Each structure stands twice: as C-alpha cells, then as structure tokens.
Amino acid sequence: MTNEELWKAVLGEMELSLTRANFITWFKNTTIVARDHSSIVVSVPNGFIKEWLENKFNRKILQSIRGLTPEIREIKYSIGKPRVDFVRQDISRIILEKELEEKTNIVSIDTDVDHLTNLNKRYSFDSFVSGSSNEMAYAACLSVTKNLGKIYNPLFIYGNVGLGKTHLIQAVGNKVAENKEKKVLYLQAERFTAQIVEAIMNRTIEDLKSQYEKVDLLILDDVQFIAGKVKAQEIIFATFNELYGRNKQIILSSDRPPAAIPTLEERLRSRFEGGMIADVGVPELETRLAILKQKLIGKNVDLGEETLSYIATHMQKNIRELEGALNRVVAFTQIYNKVPELKEVKNILNTYLSTPYKKTSPQVILKAVADFYNISAADLIKRSRKKEVVRPRQVAMFLLRDETKLSFPEIGQKLGGRDHSTVIHACEKIRNESAIDEPLKQELTLIKERVYNSFDK
Ligand code: ADP
Ligand code: MG
C-alpha cells in the first residue's frame, strides 16, 4: 500500500465517524509525508490542528492505520506545507455543498446564491419531486408563480425539518425572478431578525423597511424563529400590511402551523392564517426513491436499483438525511473508485445512522439533562436562577451546541428565549471547566450516553 492509499483509507474511516464540518476542519490538507518500518509522519497545516490530532484523534487514527499496516506503532504529526490533496477536497466539496448549505446557521459558501435575491438557483421546480406528501404545497407554490399576489396571499408552508420547505419556496422565488422586472427577496427569518436589530442600532430601520416594501415577492423562511422577538414581529407586521395592501406576494414557511408558534402576536397569527396554508409531510417510499434518482442526475454514478432502494427504505423521516446518506455512498465510489456492494452500503449507512448529531434531537438532550439532574425539562426553560437549575441549564446549552447543529440564538430560543450571548457564555464556561474538572467531564459523558442510548429502544 502506498502512503497515499493508506492515508486515503484512514480518511475514509475518519470521515464516517465525524460530522462533515469536523472532518473537514481536522483533516483537510493532511497527508503522510514519511514512513518507516514502525512509524509514519503526517503533515498537517498548522499547530492548532496538530494539537487536536495528537490529543483527540491519535488513537483512532492509529487504530485505523494498524488495521491496514499492523507494524506501525507510532504517528508523528508535523506542521508542513501541505501537498494539496485534490481527491479529498473534491469529496469534501461535494458533501459540503449538498449538506451544509441548507443548515440555517452555516454561512453559505455556495456560489449559486444570488446576492440580490438570496436565492439558490439549484432550488427549482424541475429538481423538486412531488408526491402525495407534498402535493398540495407543491400545487399552491406553482399556482402562486402564475398568479403572483392574487390568489394565495400569504402562502404559508409548514412541515418538519428537511422535508423540502426551503426548496419549494425558493423554487417559487427562482421562477418569479426569471421575469427581470419582478423583485424577489428571500430571507431566513433569523437573518431577517438580525438585520432588524442591526438597523435599529445603526438607525437605518426606515431604509430597511423601504427595501422590504419594494419587492414583488417576499419569502420569509422558518418564521418560527421570530417567536418572542417583539421588534421583528412589529416590522414584519408593518411590511406585511404594506405589501399585502398593494397585492404583493408573501410566502412564509415554518416548522409548524401558525397556531402552534408560541408567543406569536395575535395580529400576526391572524395575518399568517389569512391566506393559504399547506403542509409538507414525510414522503412515501416511491417518492423517496424518485428523489434519490433526481439527486443523482448529473453525478455520473450508477449505484444500482438495489442500493437505491436500500437507502430509500432506511432513510424515511427526513429528505435532507436521505440525501446525506446518498452523498456518503457517492463519496465512497469516489474514494475507492468503485461502486459499493450492498454489504458496503449497509456499512456506510450504519455508521451514518450512528453518527451522533444525526440521531439526537434537542428534546432528547433536554430530557436527558433534566433526568440526570433530577429536575423537569420545564425547569430548564423557566426563568428561575436557582442554583439547582442554572448549572443544568448551562450543561444543556453546551450539549445542544456540541451535539446538534443548532446556532447559539436557536439554543437560546429553545431554552425559554434567552439571549445568544448567555448561551455563548454558558458553552464556554462548561467547555473550560470540563477540561479541568473531572467530575463534570464524567457527568457530560453520562448524559451523552443517555442521549444516544435513548434511541436504541
Ligand atoms: P426544509 O426547508 O423543509 O428543512 P429543505 O428544503 O432544505 O427542507 O430540504 C432538504 C433537502 O432535501 C434539500 O437538499 C432539498 O433539495 C431536498 N428535498 C426535499 N424535498 C425534496 C423533493 N420533494 N424533491 C427533491 N429534493 C427535495
Ligand atoms: Mg428550510
């Protein structure tokens, strides 16, 4: 085995056990630069990465290397000018593009995003597979493109995460934007809220409002995030009335129907409910299969029916994850230069399914923390500053940050509408303390065990 092959194999294994973001952070531009009978030298881009690989990943890397070349007993890491590893970069890019782009809080590195509209060109009606789970939302979206501002206004699309809301509402935006005279603006509600806060600070709120009011189509994604944000709701209300009064189209999305968004002002709720509400649900097998095929268009890999139907059968709840699983399998074909057998596909998906952040949810974490400290989950969310709940709450924030993909503001939201700076502070505190405080470290481990074991049932 050449050094290159050996390292590729190691990377392949490491990748399966880490989140994409982590994998790329720690392993980008690493390579084996020297090897003798019992040791290898891995070149890494900087001291920070060197330290992490030595302290956190060395055992795993060694294990993986020894699986292939048992005589190796030691790995040294050296900071060096990396020889850029094109294969890895390519794979990382494929996975990154597909998977990270939709995560609400990761700054998009996607060049497909239009700077004026914020729309991603890849979200089109053509690339959207419709089936009975999303039929109505799909039809409503299509008809909005043909009757802008006239029939379903506002159009409110709701459904669980990863079921195609963003794709659908951006498809409307892209379709409408084909007409150069139409001004379209897509905003994540979180981003919208941040813009408002910033504008208030800079005293440019009137400019901002007039910008929103100039559009023909305003798309606000994930409006559940404005819950509890008084100022943002006020601006949305004003913008809404202004646009609505002039027959300009508004499209909203949320993870739940308007009536189920807590602390949403009544007047806003009734506006949201005043148009058309449609939901997207979990797609049935046939649709999932069609989606996989749709995602493979242009990828130039033929995985075979058996593999596709295996993936579709095992990834049921979330299309983003369905797509993530597919990307793993596609990445395999690129790393190993062959189409995986079903056995290998099973392996890939098994590791994928047991990757922590894929499997847990904020609810599970909150419950595990509450159970562990013998308080109720409601206590974590309440305003109380009692010592018995303050600490568990900080631990919950820390774990939510580490084990899920939630942003600091989202975590604050989940924990009773706390400010993101509070969350950042808590996370840092627990992270620092757990580095030196052995009992705390143990606690965290035990809670995590509960979090992940609760899924085995
Ligand atoms: P949501 O906004 O509901 O969380 P997204 O719109 O971000 O979900 O969808 C997650 C991923 O799944 C995206 O890559 C999207 O393209 C894909 N997807 C979801 N539904 C479909 C569908 N019906 N056809 C094709 N791709 C879909
Ligand atoms: Mg979305």
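Anyway, here's the lowdown on the structure attached to this text. Keep in mind that this is a model prediction, so the values were computed, not measured.

### Examining the overall build of the chain
Each helix and strand counted, the chain has 21 helices and eight strands in total. For the chain, contacts bridging at least 24 residues in sequence account for 72% of all contacts bridging at least 6. With the model as given, the accessible surface of the chain reaches about 22,600 Å², and the carbon-plus-sulfur share is 52%.

### A look at the site of ligand 1
Taken together, the neighbourhood of ligand 1 is formed by 19 residues, with Val129, Gly162, Thr166, His167 and Glu323 sitting nearest. Within the backbone of valine 129, one N or O atom sits 2.7 Å away from a nitrogen atom of ligand 1. A total of 550 Å² of accessible area belongs to ligand 1 in isolation, and the protein chains cover 98% of it. Secondary structure elements with two or more residues in the shell around ligand 1: helix 6 (165-177), helix 11 (285-296) and helix 13 (319-336). A class-by-class count of the residues in the shell around ligand 1 yields seven nonpolar, seven polar and five charged. When residues are assigned to domains, the shell around ligand 1 turns out to be shared by domain 2 (135-279) and domain 3 (294-348), each giving three or more.

### Quick look at the pattern of salt bridges
Scanning the model with the defined rule gives 18 salt bridges in all. Of the charged contacts, one joins lysine 209 and glutamate 206 as a salt bridge, the two residues approaching to 4.0 Å between their closest N and O atoms. In this pair, lysine 209 and glutamate 206 are both assigned in helix 8 (residues 205-213), three residues apart and thus about one turn of the helix distant. In this structure, arginine 256 and aspartate 255 form a salt bridge, with 2.6 Å as the shortest nitrogen-oxygen distance.

### Remarks on the packing of aromatic side chains
Here the structure, examined in full by the defined rule, presents 12 aromatic pairs. Summarising the aromatic geometry, the rings of phenylalanine 27 and phenylalanine 57 are spaced 5.7 Å apart at their centres and angled 55 degrees between planes, so their arrangement reads as tilted. Taken together, the positions of phenylalanine 27 in helix 2 (residues 20-27) and phenylalanine 57 in helix 3 (residues 47-68) put the pair 30 residues apart, joining distant regions of the chain. Since its relative accessible area comes to 7%, phenylalanine 57 is described here as buried. Summarising the aromatic geometry, the rings of phenylalanine 240 and phenylalanine 272 are spaced 6.3 Å apart at their centres and angled 40 degrees between planes, so their arrangement reads as tilted. Of this pair, phenylalanine 240 sits in helix 9 (residues 230-245) while phenylalanine 272 sits in helix 10 (residues 266-272), placing them 32 residues apart in sequence.

### Structural notes on unusual backbone geometry
The peptide bond linking asparagine 153 to proline 154 adopts the cis configuration, its omega dihedral lying at -5 degrees. Within the element layout of this structure, proline 154 appears in the loop between helix 5 (135-146) and strand 4 (155-158). At asparagine 118, a position not held by glycine, the phi torsion is positive, near 65 degrees. Topologically, asparagine 118 is positioned in the loop between helix 4 (86-100) and helix 5. Of note in the backbone geometry, aspartate 222 takes a positive phi value of approximately 60 degrees without being a glycine. Given a relative accessible area of 10%, aspartate 222 falls into the buried group.

Thresholds, definitions, all that
- Residues numbered from 1 in each chain as written.
- Chains lettered and ligands numbered in written order.
- Predicted model: local features only at pLDDT ≥ 70, side-chain atom pairs only at ≥ 80, totals over all residues.
- Heavy atoms only, no water.
- Helix = DSSP H or I, 4+ residues; strand = E, 2+ residues; numbered from the N terminus.
- Contact = heavy atoms within 4.5 Å.
- Areas by Shrake-Rupley, 256 points an atom, 1.4 Å probe, with all protein chains shown as cover.
- Near = heavy atom within 4 Å.
- Polar contact = N/O pair within 3.5 Å; in protein donor to acceptor, adjacent residues only side chain to side chain.
- Nonpolar A, V, L, I, M, F, W, Y, C, P; charged D, E, K, R; others polar.
- Domains from an automatic or database assignment.
- Salt bridge = Lys/Arg side-chain N within 4 Å of Asp/Glu carboxyl O.
- Phe/Tyr/Trp six-rings, centres within 6.5 Å; stacked < 30°, edge-to-face > 60°.
- Buried < 20%, exposed > 50% of the residue type's maximum accessible area, 1.4 Å probe, protein only.

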